[in-house]
Amino acid sequence: LQNFIIQLSSTASRDVVNNHYAMLTSCFNKIISKDSTHQSSHPSIIKDVSFGSFNCYIGQFGPSDAARLASLPEVVNVERDIRFKFGGRAILGPAFCDDECPNYDDLGGGASGVSSSGVISALSFIGQEHMNSSNKNTVINMSLVVAAGNFAEDACEDTPASAPNAITVAATETNTNTIASFSNLGKCVNIFAPGTDIMAAGNRSATDLITFSGTSQASPHVAGTIALIIASSGNKSPDEMKEFFDSLSTKDVVNGSIGDSPNRFLRVP
């Protein structure tokens, strides 16, 4: 058995979706879990990560059964769940793991990673929270805002820092505005923000604090600034947001060898 992500048509009626899930129970002996934070990888569990018109679930199937599901008219996509490896990431909140979650960030060294299903589960949770909240100014710190990377090399050589539509954030020393020794740099960088000795909430108790350094600590400053911009003047396209950040930023204050990076430092409106 392998993990598969199955997406149903966004135009499928509720009856069609319900009948599909009933078929999973009757034909495949699956139990449907509506909790997007459910971490069990038991082969009998189907994790429903649908929200709004997005109809999707994650479960374990054999290749022939996955092909059978793909042939159904209401199914628009079936893909095998894969695991990505990447550095400089941290996540607190509910945690979305394939099995038991560690109590620390084990992704920075690249020895572990996050799966496609974990990303979809996290997005499903955020989508449901957004739909249920009266505050619709939601910012997700991914795809639009990305960390430049922590290898002191060209950010254009790394993913997702090289994504053309992203706002790629490099890190400075907190007290000197000098580029951090670990920060990636180059023309794929859009802006600098503080990224050393950044204190944040820890996960060991309700009052725990923890300090990290990295471009993953710099990029949330930008995501938070975007939240303020959206709250005050509404949402913008990625290109418009980049232009706004460029005009808002403080120019020519970042010290050190920044290569082809634009000398733009984050300023909060």
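Along each chain, numbering runs from 1 in the same order as the chain's sequence is written. The model is predicted, so local features are restricted to residues of pLDDT at least 70 and side-chain atom pairs to those at 80 or more, both for listing and for counting; the totals for chains, interfaces and linings are taken over all residues. With hydrogens and water set aside, each side-chain value is computed from the structure's full complement of heavy atoms.

Where an unreviewed UniProt entry is consulted, the chain appears under the name 23116_t:CDS:1, with the organism given as Racocetra persica.

Chemist: Please give an account of the packing of helix H4 (residues 215-233) against helix H5 (residues 238-248) that cites residues and values.
Modeler: In this description, a line fitted to the C-alpha atoms serves as the axis of each element, helices being fitted only across the stretch in contact, and the angle between N-to-C directions of two axes falls anywhere from 0 to 180 degrees. The secondary structure listing takes helices from DSSP runs of H or I that are at least 4 residues long and strands from runs of E that are at least 2 residues long, numbered from the N terminus. Taken N-terminus to C-terminus, the directions of H4 and H5 make an angle of 100 degrees; their axes are 12 Å apart at the nearest point. In this view, H4 runs roughly perpendicular relative to H5, as classed from their interaxial angle. Here H4 contributes Val222, Thr225, Ile226, Ile229 and Ile230 to the contact with H5, which in turn contributes Met241, Phe244 and Phe245. When grouped by side-chain class, the residues that make up the contact of H4 with H5 number seven nonpolar, one polar and no charged. Convention used here: angles under 35 degrees read as roughly parallel, angles over 145 as roughly antiparallel, angles from 65 to 115 as roughly perpendicular, and any remaining angle as oblique. Every residue pair with non-hydrogen atoms within 4.5 Å of one another is taken to be in contact. Under the convention adopted here, Pro, Cys and the residues Ala, Val, Leu, Ile, Met, Phe, Trp and Tyr are nonpolar, Asp, Glu, Lys and Arg are charged, and Gly plus all remaining residues are polar.

Chemist: Can you explain H4? Please cite residues and give values.
Modeler: Multiplying one less than the number of residues by 1.5 Å gives the expected span of a helix. If you check H4, its first and last C-alpha atoms are 27 Å apart, about what 19 residues at 1.5 Å a residue would give, namely 27 Å. Every buried residue of H4 is accounted for by Thr215, Ser216, Gln217, Ala218, Ser219, Val222, Ala223, Thr225, Ile226, Ile229 and Ile230. Buried positions along H4 lie against strand E8 (145-147), strand E9 (167-172), strand E10 (191-194), strand E11 (198-201), strand E12 (209-212) and H5. A positive backbone phi angle near 85 degrees is found at Gly234, which sits one or two residues after H4. Burial classes follow relative accessibility: with a 1.4 Å probe on protein chains only, a residue under 20% of its type's maximum area counts as buried, one over 50% as exposed, and anything between as partly exposed.

Chemist: Would you mind going over the nonpolar core in detail, with residue names and values included?
Modeler: The term nonpolar core refers to a set of buried residues drawn from Ala, Val, Leu, Ile, Met, Phe, Trp, Tyr and Cys, joined through side-chain atoms within 4.5 Å. Ranked by internal contacts, the top residues of the largest apolar core, which has 16 residues, are Ile167, Val169, Ile191, Val222, Ile226, Met241 and Phe245. When contributions to this core are tallied by element, the ones reaching two or more residues are E9, E10, H4 and H5. Counting residues per element, this core draws most heavily on H4, which supplies six residues. Setting aside its immediate chain neighbours within four residues, Ile191 contacts Ile167, Thr168, Val169, Ala170, Val222, Phe245, Ser249, Arg264, Phe265 and Leu266.

Chemist: Give a description of the packing of aromatic side chains that names residues and reports values.
Modeler: Here the aromatic set is Phe, Tyr and Trp, taking the six-membered ring for Trp, and pairing holds for ring centres within 6.5 Å; pairs whose planes are under 30 degrees apart are stacked, those over 60 apart are edge-to-face, and all others are tilted. Following the criterion strictly, the structure yields two aromatic pairs and no others. Seen from their ring centres, Tyr21 and Tyr57 are 5.6 Å apart, and the 75 degrees between their planes marks the pair as edge-to-face. Taken together, the residues span a long stretch of sequence, with Tyr21 in helix H1 (residues 14-28) and Tyr57 in strand E4 (residues 55-61) at a distance of 36 residues. Where Phe28 meets Phe61, the ring centres are 5.5 Å apart and the plane angle is 85 degrees; that geometry is what we call edge-to-face. Residue Phe28 is located in helix H1, and its partner Phe61 is located in strand E4; the two are separated by 33 residues in the primary sequence.

Chemist: Give me the environment of Lys236: which residues, what numbers.
Modeler: Mapped onto the elements of the fold, Lys236 is located in the loop between H4 and H5. Given the relative accessible area of 26%, Lys236 is considered partly exposed. Non-local contacts of Lys236, meaning those with residues more than four positions away in its chain, are made with Ile229, Met241 and Phe244.

Chemist: Just give me the short version of H1, but keep the residues and values in it.
Modeler: Between its first and last C-alpha, H1 extends 21 Å over 15 residues, near the 21 Å set by a 1.5 Å rise per residue. Within H1, burial applies to Val17, His20, Tyr21, Met23, Leu24 and Phe28. Take H1 and look down its axis: the buried residues cluster within an arc of 150 degrees, on one side only. Away from its buried face, by an angle of more than 90 degrees, H1 presents the exposed residues Asp15, Asn19 and Ser26. In this structure, the buried residues of H1 make contact with strand E1 (2-8), strand E2 (31-33), strand E3 (45-48), E4, helix H2 (63-70) and strand E5 (75-80). Downstream of H1 by a residue or two, Asn29 has a phi angle that is positive, lying close to 60 degrees. Each C-beta atom gives one direction from the helix axis, and the arc is the one those directions make.

Chemist: I'd like a description of the confidence of the model for the chain, backed by residues and values.
Modeler: Here the chain averages 81 in pLDDT, while 80% of its residues score no lower than 70. Counted against residues more than four places away or in other chains, residues 84-114, with its pLDDT under 50, gives 58 contacts. Think of pLDDT as the predictor's per-residue confidence, scored from 0 to 100.

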